[in-house]
Amino acid sequence: MKSFSIIDRVHHQPHNLSSITCSCPVCGSSKFEIFFELDRMPVFCNLLWKDARTARNCSQGEIKLSFCPECGFIGNAVFDPAKLEYTEDYECSLDFSPRFQS
């Protein structure tokens, strides 16, 4: 039986990657190169949804991991802080949460 990793399910060959132009947010280099992409990823992983339909329709974003050969920084080249809207439903700490202890 063959096992599959996340790498088997995404485009990771250089000719399939997006060609966006941006600079490294740490050192400003223009060599910030995308090496991994995922589309339609949930913006939050720490929310409990009331039902499956609501979970499937949650806010989504893109991940375009990029590497800067000048300073070594790796980050999401298309990170959009405007998509983050924290509410009382955000469940960050699982250690002491009654919802996850049961």
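Computed from a predicted model, the values in this text were never measured in an experiment.

Would you mind going over the sheet that holds strand β3 (residues 74–76) in detail, with residue names and values included?
Taken together, the 3 strands give an open sheet; going across it, the order is β1-β2-β3, and neighbouring strands pair in antiparallel fashion. Each edge of the sheet is formed by a strand with only one pairing partner; in this case those strands are β1 (33–42) and β3. Taken pair by pair, the neighbouring strands of this sheet meet at an average axis angle of 20°, ignoring direction. Examined bridge by bridge, strand β2 (residues 60–67) and β3 share 3 bridges and lie antiparallel to one another. Following the sheet pairing, S66 is matched in β3 by G75.

Talk me through the packing of aromatic side chains; I want residue IDs and the actual numbers.
A complete count under the given rule lists 1 aromatic pair for this structure. With a centroid separation of 6.1 Å and 20° between ring planes, the pair formed by F32 and F73 is classed as stacked. One end of the pair, F32, is in the segment before β1; the other, F73, is in the loop between β2 and β3, with 41 residues separating them in the sequence. The class for F73 is partly exposed, based on a relative accessible area of 30%.

Describe in detail a nonpolar patch on the surface, supporting the description with residues and values.
On the surface, a cluster of nonpolar side chains totalling about 270 Å² of accessible area is made up of F35, F67 and I74. Here F67 is to be found in strand β2. A relative accessible area of 35% means that F67 is categorised as partly exposed.

Before we move on, can you summarise the confidence of the model for the protein with the specific residues and values?
Mean pLDDT over the protein works out to 77, with 70% of the residues at or above the 70 mark. At the low end of the mean pLDDT range in the protein sits helix α2 (residues 98–101), at 72; at the high end sits β3, at 94.

Tell me about the pairing of β2, residues and numbers included.
When β1 meets β2, the two strands line up antiparallel, connected through 7 bridges. Each bridged residue has a counterpart across the sheet, and for E37 the counterpart in β2 is K64.

What counts and what doesn't
Residues numbered from 1 in each chain as written. Predicted model: local features only at pLDDT ≥ 70, side-chain atom pairs only at ≥ 80, totals over all residues. Heavy atoms only, no water. Pairing = 2+ DSSP bridges. Helix = DSSP H or I, 4+ residues; strand = E, 2+ residues; numbered from the N terminus. Axes fitted to C-alpha atoms, helices over the stretch in contact; angles between N-to-C directions. Phe/Tyr/Trp six-rings, centres within 6.5 Å; stacked < 30°, edge-to-face > 60°. Buried < 20%, exposed > 50% of the residue type's maximum accessible area, 1.4 Å probe, protein only. Patch = residues over 30% accessible without salt bridge, like charges linked within 9 Å, V, L, I, M, F, W, Y side chains within 5 Å. Areas by Shrake-Rupley, 256 points an atom, 1.4 Å probe, with all protein chains shown as cover. Salt bridge = Lys/Arg side-chain N within 4 Å of Asp/Glu carboxyl O. pLDDT = per-residue confidence, 0-100.

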